[in-house]
Amino acid sequence: MDTLVDGSSETTPFQRAWEEYIAQLSPKKKQRRFLMNCARAVQERSSGSPASVINDAISAAEKKHSMQTSRRIIRKYIDPVVNVLSDFDAIISTLISADPMPTAIIWGSLKVIIDGLSRFSNLFETIKNELRSLRDQLEHITDHENLYGKDERMQKLLCQSYFNIIRFWHRVDKECDNCGFALLKTVTPFSTKKLNSIIGDMQGDSQEISKRANMLQAMELRGEQGENAIARQEAADERRRAEDERRAQREFREERKREAPGDRFNNLCSLLSSRDSNAPNFLRRDKHLKSHLPGTCEWLLDHPDFVAWSGDTSPSPILWIHGPPGSGKSTLCSSISHVLSSKLDTVAFHFCDFAQHYKPFETLRMLAHQLLCKYWTDMHDIPQELCDVSQSSPSVFENVQNMIKVLIKNQPKVYFLLDGLDEETTGERWKDTVDVLQFLIQLTKDYPTKVRLWCSSQPRPLIKKELEGYSHVDISAYVHKDIAFYLSKSIPEAEELGTLDQEKFLQDLHRRAECSFLWASLMISELQGSPTSLREMKQFVERGLPSTLLDYYSLFFGRFKKSLRPLACKLFALIVFARRPLRLSELQEAVWCLNSKSPGSLNPEDKPFLKQLHEVSQPLIEMTRVTGPQTADSQEDYTCRLFHSTLRDFLVEHPNILSEAGDPLADLQISADVAVDACLLYLCQTRYAESLVRREGRWVDATGDPVDNQHFLVYAAKYWDKHLDDAAEQHKKGLLGRLENFITSSNFQTCIQVQSLWVELQFCVFRTMDSDERCRFLRRVFPSWFSRETDVGVKLWQDYRCFLHEWKYFLSCGNCHMANPRCGVLPYLGQLDRIWFGALGPSNFLSQLKSQYKSFVFQLEDEESGVGRFFDVVGDDGGTLMMLRIQSSEGALLQFACETWSLAGQHLPVKEKCQIIQESPALCDWPLYVGNAVNLPLPIGKASPAAFSADCQTLRIGTKLFAKDAAGNFAALPRLPLHPHQSPAYVEEFCRRGRFVVLACRTKLSARDISAKDSLDTAELKRFPGSTSTGHQDDVGCSSDDESTTDSSTESEIETDSEDDGYESWSESSTMFSEDYIFDDDMITPWADHFRDEDQDSKASDTEVGSDFDEALIESDSSSDEDPVSPSAFGYGKKRNEDEYDWDENYSSDEDGYRHFTAGRIRRHESHEEAQATITIFDTQTSLEAVQLFHLSRPLQSKVYGSPPIIHPTESLVVWPLGGGDVLFADFMDKTYFVRRLRPSTLHTRHIFMKCQFSACGRFLHIAALEGQQPIKKKDLAEQRAINIAVLVSTYRLSRRKTSRSPPTLIHRIRVKLGSKESLSVTKLPYTVTWTPKDIYITCSDMVLRVYRIPLFKPAKEAQQEEDVVLMPRKPVFLPESSSNRQVHYFPSKSNPDGRGESTARIIIGSETRKQEEQVLEHGVEFSAIGRTFVTGERGEISPPIGCYINEEVDLGGWGRSYDITEIPVQLGIGCLDRRLERFNPDDDCDFRDLCPISAPTFMGIRTYGHTAYPMSAYEDKHNVRISPI
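Cut-off values and rules
Residues numbered from 1 in each chain as written. Predicted model: local features only at pLDDT ≥ 70, side-chain atom pairs only at ≥ 80, totals over all residues. Heavy atoms only, no water. Helix = DSSP H or I, 4+ residues; strand = E, 2+ residues; numbered from the N terminus. Buried < 20%, exposed > 50% of the residue type's maximum accessible area, 1.4 Å probe, protein only. Areas by Shrake-Rupley, 256 points an atom, 1.4 Å probe, with all protein chains shown as cover. 1 Å grid on protein atoms, 1.4 Å probe; cavity = no way out; pocket = protein on both sides within 12 Å on 5 of 7 lines; lining within 4 Å. Points joined across faces, edges and corners; volume = space filled by probe spheres on them. Nonpolar A, V, L, I, M, F, W, Y, C, P; charged D, E, K, R; others polar. Axes fitted to C-alpha atoms, helices over the stretch in contact; angles between N-to-C directions. Parallel < 35°, antiparallel > 145°, perpendicular 65-115°, else oblique. Left-handed = near helix turned anticlockwise from the far one by under 90°. Contact = heavy atoms within 4.5 Å. Disulfide = S-S within 2.5 Å. Phe/Tyr/Trp six-rings, centres within 6.5 Å; stacked < 30°, edge-to-face > 60°. Lys NZ or Arg CZ within 6 Å of the ring centre and 35° of its normal. Polar contact = N/O pair within 3.5 Å; in protein donor to acceptor, adjacent residues only side chain to side chain. Expected span 1.5 Å × (residues − 1). Pairing = 2+ DSSP bridges. Patch = residues over 30% accessible without salt bridge, like charges linked within 9 Å, V, L, I, M, F, W, Y side chains within 5 Å. Salt bridge = Lys/Arg side-chain N within 4 Å of Asp/Glu carboxyl O. Lys, Arg positive; Asp, Glu negative; His and termini not counted. Charge placed at Lys NZ, Arg CZ, Asp CG, Glu CD.

### A look at the overall build of the protein chain
Counting its regular elements, the protein chain contains 38 helices and 51 strands. Per-residue burial for the protein chain yields a buried fraction of 52% across its 1526 residues. Summed over all atoms, the accessible surface of the protein chain reaches about 71,500 Å², with 50% contributed by carbon and sulfur.

The following block contains the structure:
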């Protein structure tokens, strides 16, 4: 008898009852035979509980006994007679009492016989009924045992119940064995009393168990109520704390309001202040004021035009001061700014600089900052309007303009002073200056009494054109007196001359200087430096002093010592052609690099002395000491610039000024080539052959030297290509080789790294004000002539463009506009070895750069990314990738290249096979997939024109399927129509197992649903191979010109003769797993939707069906004018009254011409044709033609995407998510099916995809359901448009005996939040699934690897705390930017059975088809002076799949716990596959009674109106009323 004990340490109630029953039995052999039979039955069936096994065995014995001959004779002949005689029982009893003996004995004997026969017949009927009901009773006992097994009283009751059940089994066994004597025993009622007594004891046990369960439940409820009371108290305390916190916040806000002006001022200053600060303006103004001689410039204060301009009412608010070079315009401007400021007027000024160019927004920011500081000084307040407009627009230029306007409105008068406009009259610089000038001119028109504009410059035609019609003053006639006064005060030695000699001397100097203060100051410097006496001074003026400024420059450069001329040539060339003012430390390193005799390095012996640099630079180079933080080597630094723009013009026109005549070896040309050589030589040093690394908070080069002391590095990295643009034409050919070598070397990687670290906005995306808003630009990197005019340059530029397309987000982090300090890339700034260089392709020159990851692309070295489209799939294990490429079209054929790639170890992918497939577009129904669909109920999510199965064994092109043969080639399968009466068919999803093929779709689509003008014909294929002509997405709602279909009878189709033969109910094939069914409390069904027909499922018979069969018409319950609402769109079956979302219609076009899944508020469905889900299963090897085994169509009101059917590995079971939470379980051999519903885990939620997977053993079914939760609109809050995304992973156990007929049992579930999205591309869903035996990996399409490792099974209780968690990588792995629009697959490392194995995982990213730009611009076009060019892909350009090997321990840092796991509400049935609900019929199921006097009674959500029962919502909508339910 020990065979009934499972060996566990703790005995169950059934085991204890069994042992007690054995102990009280007599040692008779007859008694022991029953026990032996029970033990044998348990041994034969190891699965299931012993009680269930014994009950099934007893039931089988009773059934066998009922088929005996004697029992059949009794049922056939005796039972009818007994039944008839029983009707005369009262008459016989009367005769017995009325008639005397012996007649009464006869009638009495007859009555005894009748009663005995009746008891015999009822005995076995009672046994049969009790055995049938005992099945359910055993299930209930098992449930109570699992729920209340720890209660001692319940254990005793369960043991007693099992004891009486064993007594009943034993009694039944006896009755079956003693059938021959049973008839005689039944003559007296004593024989049945014992059985009835046992049954009564069993019923009593059941009642006692129920009572005890109710009591335990009440005790638990009371405990929960206590916990709830505590929770309520805690909630009240939390509310009080929240109120205190809100009060503190209010007080804090009030305090902040008092401090707000200062904070607002600081914030605005930070917004306006940047690296382009006002320091240069104030330095120049202070320098001019310091050199200003009192008594000069005073003539302007009395000039009529100036007086009128500065007055309150001026006919001309703009004053243009112009004069020749060096006439003192800048000093005059500085003097006027000082005069106006002393009157407490608001003045904002800007000095243009030929050595430094500012963009329009930068110039206006400096002016706005000055206005802001003046306003704060006067008012000590900042208007809120100013803060509002500071960031009201995405355009910085517009924001600064608005800020200036606000500041002007709050001040009495504002003067804008612009000096040196002539220094900005070259190329793009003048365009930017005009933008500023026109804005300021417009301000004078908008605020004529407040705004005044001063402009001072040389009289250039461009400037005159812009300032035509405004007041202007030529200062040439007015500066003579100031120059004479300046000369007289600047040469005190002339006072020793006589009056006549002094006057003649000064007149001679005045005549030479004319109206140039610059020339006058230079003459004074010469006179103070060379002559030693009055005589020598007079002689020097008469014979040695240059007559003009240009002669002076020539004389100055001619005086350089021969030994200093090479140094002077380099120094002046660098300063003249610099893109910004250089510092002395930068000049020293640049000259050092040019002097170095050691290629690739800087020899300390070649470093120039600072003393010589100072000597050469005086007096024509101004040096301004740099204030603030000094260089890392604590060296005092200076900013160097030419002292006047005329010197730059002179050197540009006379580049050979330092060359000596007759010395051909002396190449001392001041040209742009000097800066070119300096940048290239500096960047090509061997210490930059490897990337910079960060050590102890400092970046160091390959030699370990900190780059803080390498001053010229950043300038060379930023401006090297701009200097190459300035190279002379005759030198470009010689530079071509050097340039190619530099770009293709590893030094270029360091150059990119330096740009990423220290060059602001280098890799950011721009939009110009005069371009289309859809156009985006990047800063140019290569010289324009190199990337336009040379073949090698074009190729390198295209490679670099692809690199930027993928990695500009990573490079721009930290130096982008308004950088986010919480950016995830910021801690890894500058770590270029995290870039997947290998994934750029073997033909890309950047693919050879160093990376910490081994990345690759599925492309051969001689292949190029062309124009067309990829269809690819990654195998289940990540070791195989299939790729289908549209190659071309010849005649009426499509031609595809089907490639098979394999991955092994850590090797690069190998292209194993390339098969050419040709197919006719008509035979594979290609136009169905590339044409524009119209008039579809659910048009979103059109199927891809071609697709592979997940196991890479099946290929679909259009509607045609191909299976892989033994040689690895795809061979066409017979045409498999999805709809028996519709041709051509439309296939969305498919799967195959051997000879069985499953075709499925959720869209009823045919040729009449495709717009003819959008179909892809042969000519189109020839013109643009691989294109998909999808038409404009706005045409989806348009009606078709073709005749509309009248066939709407396919709501439910299946091979069937009887409507109820194929569908299986729960009771027909249910199997209860009492030991691990842990979600009993979730078996409620809150999905009740009484207005949707759940009983319209068609059913298949087991009879053979011919090839042609009829479609079943199922009449819909909803009328045509009602709006059917799918309960699957809202979690828990609830729908908000204000909810008018239709998720499947609100979309936007994606890159493939398909749709995006979004949450938006739009109109209802207008189509009267219902969508439907259709599945067909074929056997392709039973005959020459495929035999249809199963076909089913069901109405569909919401779709799921990327949810193909799956076939059980051994059984004839197909599982397919239909949509709306419904999951189909179909046995295609028995032609039966049933549908279960998986509810979403949150309110107002719908499923996006439902991925299903059978375990390798076939015992478990896994479902990963991606859920999207609608944004909840809250009162007084802006509507949220983002969709909350989560995944619910569930595991179900399948029945071993009835795998295809029994509903699965939920044994594990887990829910993980995946963030939110505003829209989802349903053609390429941004979430992929990788299945392993123990875990599922959910990977998100993002620029950082975001993968969740979720367990598929609940671990053992002792390991639950450690292992039952969702895991994520601890370290980030950055992905290409296009990964956000591509499918990212993660395949974990494989381990051996002993736990060891490789730790290398794989990341594979699917192909990308870039958007076809409506406006494609030439790649070399330059839009601005900083070199921004339009960077975009070509029309329809494709990028093949890419991948990368990573070490899970090193690169990912192992797996850490993710806190995105969410708690699943209990007792809501989340994850359970709900059984069907019996449909509610208002006509048959309502029995109304007046409970209160109202005009429209309600019952269970149904309201009556007249003689018609309406759903409450329908009644209220019909009569435009709202009546509260009872």
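Structure's up, so let's keep going.
### Remarks on unusual backbone geometry
Following Gln-618, the chain continues to Pro-619 via a peptide bond in cis, the omega torsion being 0°. Relative to the helices and strands, Pro-619 is located in the loop between helix 25 (610-617) and strand 7 (621-625). Located in the positive-phi region is Leu-344, a residue other than glycine, with phi close to 70°. Secondary-structure assignment places Leu-344 in the loop between helix 12 (329-342) and strand 2 (346-351). Look at Leu-344 and you get exposed, because its relative accessible area is 67%. For Cys-952, which is not glycine, the phi dihedral falls at a positive 65°. Locating Cys-952 in the fold gives a position in the loop between strand 17 (946-948) and strand 18 (954-957). Assessed through its relative accessible area of 3%, Cys-952 is described here as buried.

### Notes on empty space enclosed by the protein
Evaluation of the coordinates by the stated rule reveals nine cavities of 30 Å³ or more. By volume, the largest cavity is sized at about 110 Å³. Around the largest cavity, the lining residues are His-350, Cys-352, Tyr-358, Thr-363, Leu-418, Leu-421, Glu-424, Asp-432, Thr-433 and Val-436. In terms of residue count, helix 16 (residues 427-446) provides more of the lining of the largest cavity than any other element does, three residues in total. Partitioned by chemical class, the residues of the lining of the largest cavity number five nonpolar, three polar and two charged.

### Looking at the packing of helix 27 (residues 673-683) against helix 28 (residues 712-725)
Where helix 27 meets helix 28, the axes come as close as 9 Å, and the angle between the chain directions of the two elements is 130°. With respect to helix 28, the element helix 27 is oriented oblique. Note on packing geometry: the crossing formed by helix 27 with helix 28 is left-handed. Only Phe-712, Leu-713, Ala-716, Ala-717, Trp-720, His-723 and Leu-724 of helix 28 make contact with helix 27, whose side of the interface consists of Ala-675, Val-676, Ala-678, Cys-679, Leu-680, Tyr-682 and Leu-683. Within the contact of helix 27 with helix 28, the residues separate by chemical class into 13 nonpolar, one polar and no charged.

### Brief notes about the state of the cysteines
Going through the model one piece at a time under the given rule, you end up with zero disulfides. Cys-269 carries a free sulfur, and the closest cysteine sulfur to it, the one in Cys-373, is 4.8 Å from it. Here Cys-684 stays unpaired: no disulfide links it, and the sulfur of Cys-593, its closest cysteine neighbor, is 8.9 Å away.

### Re the packing of aromatic side chains
One pass over the full model with this rule turns up 54 aromatic pairs. Consider the rings of Phe-803 and Phe-837, whose centres lie 5.9 Å apart with planes at 20°: the pair is stacked. Linking Phe-803 in helix 32 (residues 791-812) with Phe-837 in the loop between helix 32 and strand 12 (854-857), this pair joins segments that are 34 residues apart in sequence. Neither residue differs from the other here; Phe-803 and Phe-837 are each classed as buried. Members of the aromatic cluster, each reached through a chain of ring pairs, are Trp-720, Phe-742, Phe-748, Phe-782, Trp-785, Phe-786, Tyr-800, Phe-803, Phe-837 and Phe-845. Sitting over the face of the ring of Phe-1249, Lys-1251 holds its NZ or CZ atom 5.2 Å from the ring centroid. One cation-aromatic arrangement involves Arg-1349 over Trp-1455; the distance from NZ or CZ to the ring centre is 5.7 Å.

### Digging into the side chain of Glu-1267
Along the chain, the position of Glu-1267 falls in strand 32 (residues 1260-1269). By relative accessible area, Glu-1267 is classed as buried at 1%. Side chain to side chain, Glu-1267 and Ser-1241 meet in a polar contact 2.5 Å long. Discounting chain neighbours no more than four positions away, the residues touching Glu-1267 are Arg-1239, Pro-1240, Ser-1241, Thr-1245, Arg-1246, His-1247, Ile-1248, Asn-1284, Ile-1285, Ala-1286, Leu-1288 and Arg-1311.

### Observations regarding helix 24 (residues 584-595)
Over its 12 residues, helix 24 extends 16 Å from the first C-alpha to the last, a length consistent with the 16 Å expected when each residue adds 1.5 Å. Of all 12 residues in helix 24, 11 are buried, a share of seventy percent or more. Turning to helix 24, its buried residues number three or more, namely Leu-584, Ser-585, Glu-586, Leu-587, Gln-588, Glu-589, Ala-590, Val-591, Trp-592, Cys-593 and Leu-594.

### A closer look at the pairing of strand 18
On strand 18, burial covers both faces: Thr-954 and Arg-956 on one face and Leu-955 and Ile-957 on the other are all buried. Where strand 17 meets strand 18, three bridges bridge the pair, whose relative direction is antiparallel. Directly across from Phe-948, in strand 18, lies its bridge partner Leu-955. Hairpin geometry of strand 17 and strand 18 is characterised by an intervening segment of five residues between the two adjacent antiparallel strands and by a positive phi of about 65° at Cys-952. Where strand 18 lies against strand 19 (residues 960-964), four bridges are found, and the strand directions are antiparallel. Its bridge partner being in strand 19, Ile-957 is matched across the sheet by Lys-960.

### A look at the sheet that holds strand 32
The five strands lie next to each other as 31-32-33-34-47, forming an open sheet whose pairing is antiparallel. Each edge of the sheet is formed by a strand with only one pairing partner; in this case those strands are strand 31 (1245-1254) and strand 47 (1461-1462). Pairing analysis gives two bridges linking strand 34 (residues 1305-1317) to strand 47, with the strands arranged antiparallel. Note that in strand 47 the partner of Val-1312 across the bridge is Ile-1461.

### Brief notes about a positive patch on the surface
Residues Lys-63, Lys-128, Arg-132 and Arg-135 make up a contiguous surface patch of positive charge. For the positive patch, the element with the highest residue contribution is helix 6 (residues 103-148), accounting for three residues. On the secondary structure map, Lys-128 appears in helix 6.

### Describing helix 16
With 20 residues, helix 16 should reach 28 Å at 1.5 Å per residue; the first-to-last C-alpha distance of 29 Å fits that figure. Among all positions of helix 16, only Arg-429, Trp-430, Asp-432, Thr-433, Val-434, Val-436, Leu-437, Phe-439, Leu-440, Ile-441, Leu-443 and Thr-444 are buried. Buried-residue contacts for helix 16 involve strand 1 (318-322), helix 13 (360-379), helix 15 (396-409), strand 3 (414-419), strand 4 (451-457) and helix 17 (461-466).

### Quick notes on the pattern of salt bridges
By the definition in use, this model includes 41 salt bridges. The salt bridge partner of Asp-701 is Arg-687, with a shortest N-O separation of 3.8 Å. In this pair, Asp-701 is assigned in the loop between strand 10 (698-700) and helix 28 and Arg-687 in the loop between helix 27 and strand 9 (693-695), connecting sequence segments 14 residues apart. Residue Asp-701 shares its accessibility class with Arg-687, and that shared class is buried. A salt bridge links Arg-780 to Asp-725; its shortest N-O distance comes to 2.7 Å. Taken together, the positions of Arg-780 in the loop between strand 11 (778-779) and helix 31 (784-789) and Asp-725 in helix 28 put the pair 55 residues apart, joining distant regions of the chain.

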